Amino acid sequence: MLEIKHLGIEVDSRFLIQDLNLTLQKHDKLAIIGEEGNGKSTLLKCLIGDCPYANISGIINSHGLQMGYFKQELFATELQMRVDAYLFPTMDDYSAKIGLCYQQLGKLELRESILEVEKIATLSGGEKVKLQLLKLQLEDPDILLLDEPTNDLDLSTLVWLEQFINRFEKPLLYVSHDETLLRHTANMILHLEMTKKKQVAKHTLVRMDYDTYVAEREQLLTKMTMVAKKERSEMEKKTTKMKQILNKVAYEQEHISRKNPHGAKMLKRKMKHMKVQERRLQEVVLTEIPDYEEDIHFFFDEIHVVPTKTIIQLQLDQLKIHDQILSRNVNLEVRGPEHVVIIGKNGVGKSTLLTSIYQELQKRPDLQVGYMPQSYDLILADYPNAIAFLTMTGDQEEEQHIRQCLGNMKFTSAEMTGDIHALSGGSKAKLWLLKLVLMKCNVLLLDEPTRNVSPLSSPVIRKVLAQYQGTIISISHDRNYIDEVCSVVYELTPAGLVRQKESRI
């Protein structure tokens, strides 16, 4: 059992969590959701006692049980280790666990030769994720904490992870942006939010499945918004009426005859009474209009792509990275406003293929191509802040429009002008999407566009992309994205591209 009482977590003089009370029992599957930067990873680090940058108050009691922790990224020292040394720190570990290790390799679809790899750093992102999961399986912890375990996992391993979480009988906490995983596994939700322009920490803890939480939350927010707007409408009417009465009394005071002192005295009393009423009206506290993370707004301008227009006709005898051949006989033809997604196992070369497509499309002057990479930082390094990244002409009118667009995506003023590298992964993803909007692209190349986005914001982004009238060629393991946005699905295999689904267009 894991007990948390009155937990407070403060970072850089700002509370991320205040007065959190939580008890986890056997079979509990607690999903921690919220935008990046709201303290999800920090909470997990605090629970295992390894968060030196945070000030912690309250009680965390694991009752002496062993915690297993899956971190988002391996340490630099771990990346330089041999795989077998990472999994088996001692010979006793090797002797006791090698049999179980071979069983789990098959379930994770990892090749047995991976145990002989000299440096973990040479593995693909998905292989690194699976390796961490394998190590946790071998450690057999009493309480499991998973920080974004779905990053870089292919579809088959995502299904395996869902089954693993559901089979795990001990307390389990996990952070995830994958809505399908949340929907299929969670029986408790902890939602971390930063409200009032990201200054005030708020959390919601419920014992229910993800879909029920989202539905009840939507109903509550709709009701609160209606109440708040109704109060403001009524207040506006009362204020208008009050001003009319005050103006009328003031007019009567100016025009009353000096021969009517009694009437003037009565008007003075009435004015005094109305001023008191006005002050009371101004002091009324109205219900706040809810400030919620999924309240983001952006859209692409209307675009027309001729349905018969050939966007790309790519033929590669070999798809290579350095000297390694990833796939052969890769043929791809995309016409008109198709929304294409490329899936495939980790390490098969999907991002490499998308880069090749981008290089090919850059030769086409008739296309305005926008490219959203999987890793943002290399390109963002050339820009000091979000406004500079989005600026194309540099005139004042453009900057005002950029600020408005960023505000619609819930960027604060500080985030607009502050260090771009301090932005969360989710904010950087939204920044890239805005860049594509402002570029007025008619072709989008998207490498995992929803991987860093909160599960509550992701549906909004998917809806906008589904309505996009241009061509999309993308890579994704997000099952909701594939179902809702994409009209054609290709699987990249060592033998080439295999079409999985016919176009709806």
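Refer to the structure printed above.
In short, a report on the structure. Worth saying up front: this structure is predicted, and the values here are computed from it rather than measured.

What counts, and where the lines are drawn
- Residues numbered from 1 in each chain as written.
- Predicted model: local features only at pLDDT ≥ 70, side-chain atom pairs only at ≥ 80, totals over all residues.
- Heavy atoms only, no water.
- Buried < 20%, exposed > 50% of the residue type's maximum accessible area, 1.4 Å probe, protein only.
- Helix = DSSP H or I, 4+ residues; strand = E, 2+ residues; numbered from the N terminus.
- Pairing = 2+ DSSP bridges.
- Axes fitted to C-alpha atoms, helices over the stretch in contact; angles between N-to-C directions.
- Contact = heavy atoms within 4.5 Å.
- Phe/Tyr/Trp six-rings, centres within 6.5 Å; stacked < 30°, edge-to-face > 60°.
- Salt bridge = Lys/Arg side-chain N within 4 Å of Asp/Glu carboxyl O.

1. Quick notes on helix 1 (residues 40-47)
In an α-helix, one turn spans 3.6 residues; hence positions three or four apart end up facing the same way. Of all eight residues that make up helix 1, seven are buried, and the element is covered over most of its length. Among the residues of helix 1, Lys 40, Ser 41, Thr 42, Leu 43, Leu 44, Cys 46 and Leu 47 are the ones counted as buried. Two residues or fewer after helix 1 comes Gly 49, characterised by a positive phi angle close to 75 degrees.

2. Thoughts on the sheet that holds strand 3 (residues 29-33)
Taking strand neighbours across the sheet as the criterion, the six strands line up as 5-6-7-3-8-9 in an open arrangement whose pairing is mixed. Lying at the two open borders of the sheet, with one neighbouring strand each, are strand 5 (67-70) and strand 9 (200-206). Neighbouring strand axes in the sheet, compared pairwise and without regard to direction, differ in orientation by 15 degrees on average. Examined bridge by bridge, strand 3 and strand 8 (residues 188-195) share four bridges and lie parallel to one another. Bridge pairing links Leu 30 to Met 188 in strand 8. With respect to the sheet, helix 1 is in contact with strand 3, strand 5, strand 6 (143-147), strand 7 (172-175) and strand 8, its orientation differing from that of strand 6 by roughly 150 degrees. Lying on the sheet, helix 5 (residues 125-139) is in contact with strand 5 and strand 6; it crosses strand 5 at an angle near 175 degrees.

3. Thoughts on the packing of aromatic side chains
With the rule as written, the count across this model stands at nine aromatic pairs. Arranged with centres 6.4 Å apart and planes meeting at 65 degrees, the rings of Phe 298 and Phe 300 form a pair that is edge-to-face. Residue Phe 298 is classed as buried on the basis of its relative accessible area, which comes to 9%. On the accessibility criterion, Phe 300 (13% relative accessible area) is buried. Between Tyr 376 and Trp 432, the aromatic rings sit 6.4 Å apart at their centres with planes inclined by 35 degrees, giving tilted as the arrangement.

4. Considerations on the pattern of salt bridges
Under the counting rule described, the total for this entry stands at 29 salt bridges. The partner of Arg 207 in a salt bridge is Asp 28, and the shortest N-O contact between them spans 2.9 Å. Of this pair, Arg 207 sits in the loop between strand 9 and helix 8 (210-255) while Asp 28 sits in the loop between strand 2 (14-24) and strand 3, and the two are 179 residues apart along the sequence. What makes Arg 207 exposed here is its relative accessible area of 52%. A relative accessible area of 6% means that Asp 28 is categorised as buried. One salt bridge in this structure joins Glu 139 and Lys 135, with 3.8 Å as the shortest N-O distance. With a gap of four residues between them, Glu 139 and Lys 135 both fall in helix 5, about one helical turn apart. For Glu 139, a relative accessible area of 31% corresponds to the partly exposed category. In this structure Lys 135 comes out as buried when scored by relative accessible area, which is 16%.

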